[in-house]
Amino acid sequence: MTDDTDATDASAPTAATAATDAGAAIAATGATAATDDTDAAAATRPAGAAPRRLPVTDVSLVVLIGTSGAGKSSFARKHFLPTQVVSSDFCRGLVADDENDQSASAEAFDVLHYIVGKRLAAGRLTVVDATNVQPEARRQLVRIARDHDVLPIAIVLDVPPGVCAERNRSRPDRQLPAHVVPRQHRELRRSLRGLEREGFRKVHVLRGEAEVEAAGIVLEKRFNDLRHLTGPFDIVGDIHGCRSELETLLTRLGWTLVRDEAGRPVDAVHPAGRTAVFVGDLVDRGPDTPGVLRLVMGMVAAGHAVCVPGNHENKLGRALDGRKVTVSHGLQESLDQLAQEPEEFRAEVRTFIRGLVSHYLLDGGALVVCHAGLPEKYHGRASGRVRSHALYGDTTGETDEYGLPVRYPWAEEYRGRALVVYGHTPVPSAGFVNNTICLDTGCVFGGSLTALRYPERELVVVEAEREWYAPVRPMRTDAPGGREGRPLDLADVAGRRVVETALHGRVAVREENAAAALEVMSRFAIDPRLLAYLPPTMAPSATSGRPGYLEHPDEAFAAYRADGVGQVVCEEKHMGSRAVVLVARDGAALEKRFGPAGPGAIWTRTGRAFLGDDALTAAVLDRLRAAAERAGLFEELRTGWLLLDAELMPWSLKAVELLRRQYAAVGAAAGAALPEVLAALERAGGRGLDVAALTGRQRQRAADAQAFTEAYRRYCWPTEGLAGIRLAPFQVLAAEGANLAVRPHDEHLAWIDRLVEADEAVEADEADGAAGAARADEAAGEGDRAAPLLHRTGRLVVDTADEASLAAGVAWWEELTAAGGEGMVVKPLASLVRGRAGEGRPGGLVQPGVKVRGREYLRIVYGPDYTEHLDRLRQRFLGHKRSLALREYALGLEALDRLAAGEPLWRVHEPVFAVLALESEPVDPRL
């Protein structure tokens, strides 16, 4: 059931009948809509009158009107910023290199109109400095203002023609024919009385030099601009006269009702200072429209609430004003109920409704509240069209089988930054669609009354006491567009992109990189609804100058010490591949947040499914889920799912073809060729030839090849099912409503230790159960018990200012690498860290981690004999890799922030896609 008016009233919000927001607020306050001194009394105002302050809306089109020489340019320079003024003379100079070339006027005004349009589209106050004495010139400017839904304001400089002519004569660059100024002045005088009819919302007329000189400009905020109110807010959906349910809802939200002598609620106060916001449709259909109005009007008057109008308030207000309306859709109930109230109350209702503004910008512009929804281009704008959309929404032009208009699904296409909260179209339950949410859950139709707690994004629901009004059409089964609307669109990712991040500012993605990422994402990636994060690349430590080493912990410790990081944690680098794991407590928890049901997913750094076997993936996730359950992490973090950063081992599990093709082939070739070479050289030496040096080099090559083979083989072992697979989580990235990646690393490692211990217990329980079934005759197999799935991450905390601690860190790394380990990753213990400030600016992000790889592992990267070429390899350039690591890190955290905030999929996917795109940047793959 929709609450649209019928065909007769559907025309209500047209320009002829619907007041704009400014007009509504003006009517409410009793102020005049303009200071247009165009009447006879104003025409006789003496020169030298008291200074006047001219109100100008902060986002509007100001049109200066006056004859040549009236002082428009001087007035503009005095009262507005140079960038706010668009001058016809300047535009004439742009196209003709001569500001006085009148033959270029047509082209100059084309340029002027284009600039004005671009500024208004960007929401900038714009001032047009031209004569504008002809109606045709003003008409085009008013049209541009209307096209961009801003108020056109006229400032008329009515200066005597003799003064203007004398000023023009004193300018050597401008000599006008004698008839020009008198003609312009006659056109100006003829225009004065009709400026409002032309569409100007405010008209300021300054008469004479003294009044022009004494005038001042006062910038006024738009009526819908409440960005200074930051909440917290309790936003209430459509009430439709259900006073009792409203009282229950406010009480449940923590409000204390204030009652009058008759016991009627006339205000409500929240002990935490929250502000209520009502999305309109307070009236009609329900049992107590006056009671709802009395309470809401009292809260608004006391400053405890703000309210936007619904289409039902708009219609009721016109009816109370005595205008002709079609009495339908519950209006008669409101009129009958209000007829029982005193005339004073009805007058208060009329004033209240006339003063309602179509929509509000709140919380710095991050929140928009209106009745029927509002596309981003209308946010903060003021026009009849904006008010119409805010009150009635948009339709497809079709009607359904119930004779009601079919709503255009604007929320499916919404890509705005602000959260739009609205009502108007009843839905069974509220849900977010592309950063919008409809709170009309059909209370009057027997549904419920819903409030959104902002910024918490929590819904509070009160069931209707009964069906107060039978709906014409059953409520829709879902919010417009489904859970995520149209979740992903090619336009969201194609071409050059710029992603705003909270930690690293704007991150640009090249068009060619976006194309490469789109190819991977569309062909190989897992379900994008699950792909909430991609890990960043990791920069290596600075190149070591130590003999025989390309990388060493000393450089990593020194770099963090220079950035002011006092403590770092050294984490064992596992012999596997990076994996992101999303594990759900149950299928319902995953479906509720991400859409698909199931146990979760495991994916690679490029978003591909890590394991090609769905059954094996499910088995890994089931073990991880059981460990998380046993460790109590789901309860502790109050979540139904966890997102983990991990290493999945062995390396051969993912890269078996790479190993065969690239690494095993090198080892096999060396094993086949070098023994024959050495044998030949030994025979040559036996014949007395001087091949000692050559033999020595070949023996070293053979030793290097053997070391290379041993190095990569450490990363390979056979697996069968879960047997042999090791998962080493090292960070808990996110849980429901929380970005955990910014928490200190010692907290993460403590959680991981609990997971590992729990998994050992789970594995032991499973093995004991199997042993009990097998009895004593299989006791010999107990020694073959499979190792637990989860693997602990070794770590050591190092104090960068303590020499003994630094030496212990180096020794730990040497011990790891001597035992065949890959190396370690050094991270700030505090996780998210900014470096020391410099030159009066805050420090930038510090690398979230640097890898320090061991000598033997680097053979895999640089080749068997890389140690013989260290001088050349030390010339490697790390700047681009480090920049890439920081950008991807900031994008990853941005994705997690958006995920935690419950933002729509396309917003979460935007930084995730950018990480994948940046991976296409040309960087030495060995770094």
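What counts, and at which threshold
Residues numbered from 1 in each chain as written. Predicted model: local features only at pLDDT ≥ 70, side-chain atom pairs only at ≥ 80, totals over all residues. Heavy atoms only, no water. Helix = DSSP H or I, 4+ residues; strand = E, 2+ residues; numbered from the N terminus. Buried < 20%, exposed > 50% of the residue type's maximum accessible area, 1.4 Å probe, protein only. Contact = heavy atoms within 4.5 Å. Axes fitted to C-alpha atoms, helices over the stretch in contact; angles between N-to-C directions. Parallel < 35°, antiparallel > 145°, perpendicular 65-115°, else oblique. Left-handed = near helix turned anticlockwise from the far one by under 90°. Nonpolar A, V, L, I, M, F, W, Y, C, P; charged D, E, K, R; others polar. Pairing = 2+ DSSP bridges. Phe/Tyr/Trp six-rings, centres within 6.5 Å; stacked < 30°, edge-to-face > 60°. Lys NZ or Arg CZ within 6 Å of the ring centre and 35° of its normal. 1 Å grid on protein atoms, 1.4 Å probe; cavity = no way out; pocket = protein on both sides within 12 Å on 5 of 7 lines; lining within 4 Å. Points joined across faces, edges and corners; volume = space filled by probe spheres on them. Salt bridge = Lys/Arg side-chain N within 4 Å of Asp/Glu carboxyl O.

Chemist: Please explain the overall build of the protein as it appears in this structure.
Modeler: Summing up its helical and strand segments, the protein has 29 helices and 34 strands in all. The buried share among the 927 residues of the protein stands at 53%. Restricting the contact set of the protein to residue pairs at least 6 apart, pairs at least 24 apart contribute 74%.

Chemist: Would you take a moment to explain the packing of helix H12 (residues 311-320) against helix H13 (residues 331-339) for this structure?
Modeler: Relative orientation and spacing of two packed helices are given, respectively, by the angle between their axes and the distance between those axes. Two elements in contact, H12 and H13, have axes separated by 11 Å at closest approach and are oriented at 50 degrees. Comparing the axis directions of H12 and H13 gives the class oblique. Crossing of H12 against H13: the hand is right-handed. When H12 is examined against H13, the residues Lys315, Leu316, Ala319 and Leu320 are found in contact with a partner set consisting of Leu331, Ser334, Leu335 and Leu338. Grouping the constituent residues of the contact of H12 with H13 by class yields 6 nonpolar, 1 polar and 1 charged.

Chemist: Even after reading the chapter, I still don't get the pairing of strand E4 (residues 126-129), so can you show me in this structure?
Modeler: Side chains on a regular strand alternate between the two faces of the sheet. Across the two faces of E4 the burial is the same, with Thr126 and Val128 and Val127 and Asp129 all buried. Examined bridge by bridge, strand E2 (residues 60-65) and E4 share 4 bridges and lie parallel to one another. For Leu64, the partnering residue across the bridge sits in E4 and is Asp129.

Chemist: What am I meant to see in the sheet that holds strand E31 (residues 738-739) here?
Modeler: The strands making up a sheet are joined through hydrogen bonds of the backbone, oriented either antiparallel or parallel. Taken together, 5 strands build an open sheet; the order of strands is E28-E27-E29-E30-E31 and the sheet is antiparallel. The outermost strands of the open sheet, each flanked by one partner alone, are strand E28 (600-603) and E31. Pairing geometry for strand E27 (residues 577-584) and strand E29 (residues 641-649), over 8 bridges, is antiparallel. Across the sheet, the residue bridging to Leu582 is Leu643, located in E29. Along the sheet, helix H20 (residues 614-631) contacts E27, E28, E29 and strand E30 (726-735); its crossing angle with E27, the most-contacted strand, is approximately 65 degrees.

Chemist: Is there a simple way to explain the packing of aromatic side chains in this structure?
Modeler: To describe a pair of aromatic rings, one takes the distance between the centres and the angle between the planes. Applying the stated criterion across every chain, the model contains 7 aromatic pairs. Plain terms: the ring middles of Trp410 and Tyr414 are 5.9 Å apart, the flat faces sit at 80 degrees to each other, and that makes the pair edge-to-face. Consider the rings of Phe594 and Trp641, whose centres lie 5.0 Å apart with planes at 75 degrees: the pair is edge-to-face. Pair noted here: Phe594 is in helix H19 (residues 587-594) and Trp641 is in strand E29, with a separation of 47 residues, a long-range link. Exposure remark for Trp641: the relative accessible area of 1% places this residue in the buried category. Here the aromatic residues Trp410, Tyr414 and Tyr422 are joined through ring pairs into a cluster of three or more. If you follow Arg285 out to its NZ or CZ, it ends over the ring of Tyr469, 5.4 Å from the centre. Positioned above the aromatic ring of Phe594 is the side chain of Arg593, whose terminal nitrogen or guanidinium carbon lies 5.6 Å from the ring centre.

Chemist: Even after reading the chapter, I still don't get the pairing of strand E18 (residues 419-422), so can you show me in this structure?
Modeler: Alternating residues of E18 divide into Leu419 and Val421 and Val420 and Tyr422, and every residue in both groups is buried. Alignment of strand E15 (residues 367-369) against E18, held across 3 bridges, turns out to be parallel. The residue bridging Val369 from the neighbouring strand is Val421, located in E18. The sheet contact formed by E18 and strand E20 (residues 436-438) spans 3 bridges and is parallel. Bridge assignment links Val421 to a residue of E20, and that residue is Ile437.

Chemist: What am I meant to see in the environment of Gly194 here?
Modeler: Topologically, Gly194 is positioned in the loop between helix H8 (180-191) and strand E6 (202-207). Remark: the alpha-carbon pair of Gly194 and Pro135, spanning 59 residues in sequence, is separated by 9.4 Å.

Chemist: How should I be thinking about empty space enclosed by the protein in this particular structure?
Modeler: Over the atoms a probe the size of a water molecule is rolled, and this reveals where empty space is left. Within this structure, the stated rule accounts for 6 cavities of 30 Å³ or more. Pro536, Arg578, Gln731, Pro848 and Tyr889 are the residues nearest the centre of the largest cavity, which is lined by 21 residues in total. Of all the elements in the fold, those that place two or more residues in the lining of the largest cavity are E30 and helix H28 (879-900). Top contributing element to the lining of the largest cavity by residue count: H28, with 4 residues.

Chemist: Would you mind going over the pattern of salt bridges with me for this structure?
Modeler: When their charged atoms lie close together, side chains carrying opposite charge are able to pair. Tallied over the full model, the rule gives 55 salt bridges. Among the ionic pairs, Glu209 bridges to Arg167, the shortest N-O distance being 3.2 Å. Of the two residues, Glu209 is situated in helix H9 (residues 208-214) and Arg167 in helix H7 (residues 161-169); the sequence distance between them amounts to 42 residues. The class for Glu209 is partly exposed, based on a relative accessible area of 42%. Residue Arg167 is classed as partly exposed on the basis of its relative accessible area of 29%. For Glu519, the salt bridge is made with Arg523, and the minimal N-O distance between the two is 2.7 Å. In this pair, Glu519 and Arg523 are both assigned in helix H17 (residues 511-523), 4 residues apart and thus about one turn of the helix distant.

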